[in-house]
Amino acid sequence: DDTVTVLGNTGSLVKTGSTFARWNTAANGSGTSYNPAATFSMPAADVTLYAQWTISNNGVSAISIAKA
């Protein structure tokens, strides 16, 4: 139940044509999203965070997700 702070892209993850946006608890983006510097109470079980990316395609922005 400790409070943890979510870091940004400190591992220098790269996805061509995309910019790191935030983290999500579900691979498909349906979980809880956390921006860098957000805090949450850590549960007893491990929490996996998946990178979400902002991509641009013909001026349209979208979110893409990849496990980190």
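All values reported here derive from a predicted model rather than from experimental measurement.

Undergrad: Got a minute to help me understand the overall build of the protein in this structure?
TA: When you go through the protein residue by residue, the secondary structure sums to zero helices and six strands. Each helix and strand of the protein, placed in order from N terminus to C terminus, yields the pattern β-β-β-β-β-β. When burial is assessed residue by residue, the protein has 22% of its 68 residues classed as buried. Accessible surface computed for the protein: about 4500 Å², of which carbon and sulfur atoms make up 49%.

Undergrad: Sorry if this is basic, but what is going on with the packing of aromatic side chains here?
TA: Scanning all chains against the criterion turns up three aromatic pairs. Where Tyr34 meets Phe40, the ring centres are 4.6 Å apart and the plane angle is 25°; that geometry is what we call stacked. No difference in accessibility class separates Tyr34 from Phe40, as the two residues are buried. Within the aromatic cluster, the residues linked to one another by ring pairs are Phe20, Trp23 and Trp53.

Undergrad: Honestly, the environment of Tyr50 in this entry has me stumped. Any pointers?
TA: Following the sequence through the fold, Tyr50 ends up in strand E5 (residues 50-57). Placed 24 residues apart in sequence, Tyr50 and Ala26 show a C-alpha to C-alpha distance of 6.7 Å.

Undergrad: Looking at this structure, I do not really get the nonpolar core. What am I missing?
TA: For soluble globular proteins, nonpolar side chains are generally found buried alongside one another. Formed by Val6, Phe20, Trp23, Tyr34, Phe40, Leu49, Ala51 and Trp53, the largest nonpolar core amounts to eight residues. Breaking this core down by element, the ones donating at least two residues are strand E2 (18-24) and E5.

Undergrad: Sorry if this is basic, but what is going on with the side chain of Ser18 here?
TA: Residue position: Ser18 is located in strand E2. Ser18 gets classed as buried once you look at its relative accessible area, which sits at 17%. Filtering out sequence-adjacent residues up to four positions away, Ser18 remains in contact with Trp53, Thr54 and Ile55.

Undergrad: So what exactly am I meant to see when it comes to unusual backbone geometry here?
TA: With the exception of glycine, most residues fall at negative phi, and the peptide bonds are largely trans. For Ser12, which is not a glycine, the phi torsion comes out positive at approximately 55°. Its location among the elements puts Ser12 in the loop between strand E1 (3-5) and E2. For Ser12, a relative accessible area of 55% translates into the label exposed. One non-glycine residue, Ala37, adopts positive backbone phi at about 80°. Looking at the element boundaries, Ala37 is found in the loop between strand E3 (33-34) and strand E4 (39-41).

Parameters and conventions
Residues numbered from 1 in each chain as written. Predicted model: local features only at pLDDT ≥ 70, side-chain atom pairs only at ≥ 80, totals over all residues. Heavy atoms only, no water. Helix = DSSP H or I, 4+ residues; strand = E, 2+ residues; numbered from the N terminus. Buried < 20%, exposed > 50% of the residue type's maximum accessible area, 1.4 Å probe, protein only. Areas by Shrake-Rupley, 256 points an atom, 1.4 Å probe, with all protein chains shown as cover. Phe/Tyr/Trp six-rings, centres within 6.5 Å; stacked < 30°, edge-to-face > 60°. Core = buried A, V, L, I, M, F, W, Y, C linked by side-chain atoms within 4.5 Å. Contact = heavy atoms within 4.5 Å.

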